[in-house]
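# Residue-level structure breakdown
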Amino acid sequence: MTRKKPQTFHVKSFGCQMNVYDGERMSEMLSAEGMTAAQDSTDADIVVLNTCHIREKAVDKVYSDIGRLRRDDGTRPMIAVAGCVAQAEGAEIPRRAREVDIVVGPQAYHRLPFLIEKARNGEAALDTDMPAASKFGALPSRAMQKRPTAFLTVQEGCDKFCTYCVVPYTRGAEISRPWNAIIDEAKALIDGGACEITLLGQNVNAWTGDDPAGRAQGLDGLIRALDTLPGLERIRYTTSHPNDMTDGLIAAHGDVEKLMPFLHLPVQSGSDPILKAMNRSHSAKSYLEVLDKVRGVRPDIALSGDFIVGFPGESEADFEATMQIIRDVHYAQAYSFKYSPRPGTPAATMADQIPASVMDERLQRLQTLLNEQQYAFNQASVGKQTSILLERAGRRPGQLVGKTPWLQSVHVQADGAQIGDMIAVDIISAGPNSLHGEIVKRKAA
Ligand code: SAH
Ligand code: SF4
Ligand code: F3S
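The structure presented is a predicted model; accordingly, all values stated were derived computationally and were not measured.

We now examine the overall build of the protein chain. When you go through the protein chain residue by residue, the secondary structure sums to 13 helices and 21 strands. Since a compact globule built from 445 residues should have a radius of gyration of about 22 Å, the 22 Å found for the protein chain is in line with a globular shape. Seen through its C-alpha atoms, the protein chain measures out along the principal axes to roughly 65 × 60 × 50 Å. Entry remark: accessible area of the protein chain is about 19,500 Å², with carbon and sulfur atoms responsible for 52%.

The following block contains the structure:
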């Protein structure tokens, strides 16, 4: 028996910003198929769980979420598992959770409409191919995006094979999207109202491509081209690998006005033996040298990083080296995680796995230090005047939230200003996670 064609959909994304971007593109594609977005999963005919495989907990969450999609009356929506868990677990997913109808990997989601048809006919609907031809060409244009800030994937995949990480397996080999495809997508986003674009890639600063004149370019060349687009006011990019911070990209931080003074540059550990075991191919010193260069051209740059505590073999001295690099850098914000062994990665079978209690205690010390630095960075903004781009409504009536160039959230009373406005504010007070500001004046458009 053929199942009813889904009329409404809900896409739920987990994990990194790339997954958020993919989720938006899947929503656009389902809309282009004539379906409408449901408020949440309870009233959707099809639910897409766009999953993350990076740590064990993220995977467990997928299976508990699948279970929760069963409704009180015994029915359930059509369920598609997309993203990195789909890629990593494939056919194992419907074996473990029989209610799953569709499994679709991150490089195959342009085939979702076809897979829905298969599932309606009761056929197995699984696609975890990594086709040579890019999915991007098969997706609808970005005309539906109507937000002041937008993500734009320019690079995908990773060839670095850090020993703890699943991304090279779930996202595949490094690919860069072509110059024209990126510029066209940026223009469509700007036409839709975006004044800030964040360029995305698992190693975004490894992007390479030819410009229309046939010259080989790196990410800095692309950023300089985007800088000339009317209507675009802010450019960001994430995530970068320390070894791909070229001199050209560093120089762009000094002279491209629209490039925001913020750099997310994960280091993972401050200990060279651990970095070596992680196959990070940079040292603590080479990382600090990159940051020195960036600060040399852009002294006010806000720095962010990722840290893993409790990698196999991490001694107290190794951990102390990580604490020391944090003290040296002074981060504006950061993400930190307990090491999570991932099946199939080299680190999962390394000797000297660290007990959970030791990891917990180290993570707490590390986060205390990072939180102190973030609070200090925010407090240093008090009394300053800066521009913010209003992105969303705040929790209180009449309140809006915008971001500073340094990616801090600022709460303001709207006072006639609207989402999408770029406005000048005085920073009045600072908390650990956000700032309070007062609007100075509306910037002329
Ligand atoms: N490509 C980026 C981000 C990769 S995933 C980079 O190279 O920095 C985001 C973060 O998750 C990583 O930076 C790392 O800190 C963390 N991570 C990845 N695998 C992990 C694991 N097995 N256990 C704990 N944290 C992990
Ligand atoms: Fe994972 Fe390392 Fe690649 Fe980042 S560089 S995605 S941490 S393998
Ligand atoms: Fe997670 Fe895949 Fe992103 S594993 S962090 S969703 S690339």
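Once the structure has been displayed, the description carries forward.
Before going further, it helps to examine the packing of aromatic side chains. Within a pair of aromatic rings, the relevant descriptors are the distance that separates the centres and the angle that separates the planes. Here the structure, examined in full by the defined rule, presents five aromatic pairs. The structure contains a cluster of three or more aromatic residues connected by ring pairs, namely Tyr 164, Phe 311 and Tyr 339. Positioned over the ring face of Tyr 63 is Arg 96, at 3.6 Å from the centre of the ring. Here the guanidinium or amino end of Arg 177 rests over the ring plane of Phe 136, the centre of that ring lying 3.9 Å away.

Our focus in this paragraph is the pairing of strand E16 (residues 333-338). Relative to E16, strand E15 (residues 302-309) runs parallel, the two sharing six bridges. What sits directly across from Gly 305, in E16, is Ala 334. Considered for its hand, the β-α-β crossover made up of E15, helix H12 (residues 316-329) and E16 is right-handed.

Attention now goes to the side chain of Thr 345. In this structure, Thr 345 sits in the loop between E16 and helix H13 (356-379). A polar side-chain atom of Thr 345 sits 2.6 Å from the main-chain carbonyl oxygen of Arg 342. The residues touching Thr 345, leaving out its near neighbours within four places in the chain, are Thr 163, Tyr 164, Cys 165, Val 166 and Tyr 169.

Conventions and cut-offs
- Residues numbered from 1 in each chain as written.
- Chains lettered and ligands numbered in written order.
- Predicted model: local features only at pLDDT ≥ 70, side-chain atom pairs only at ≥ 80, totals over all residues.
- Heavy atoms only, no water.
- Helix = DSSP H or I, 4+ residues; strand = E, 2+ residues; numbered from the N terminus.
- Rg over C-alpha atoms; globule rule 2.2 N^0.38 Å.
- Areas by Shrake-Rupley, 256 points an atom, 1.4 Å probe, with all protein chains shown as cover.
- Phe/Tyr/Trp six-rings, centres within 6.5 Å; stacked < 30°, edge-to-face > 60°.
- Lys NZ or Arg CZ within 6 Å of the ring centre and 35° of its normal.
- Pairing = 2+ DSSP bridges.
- Right-handed = clockwise from strand over helix to strand, strands pointing away.
- Polar contact = N/O pair within 3.5 Å; in protein donor to acceptor, adjacent residues only side chain to side chain.
- Contact = heavy atoms within 4.5 Å.

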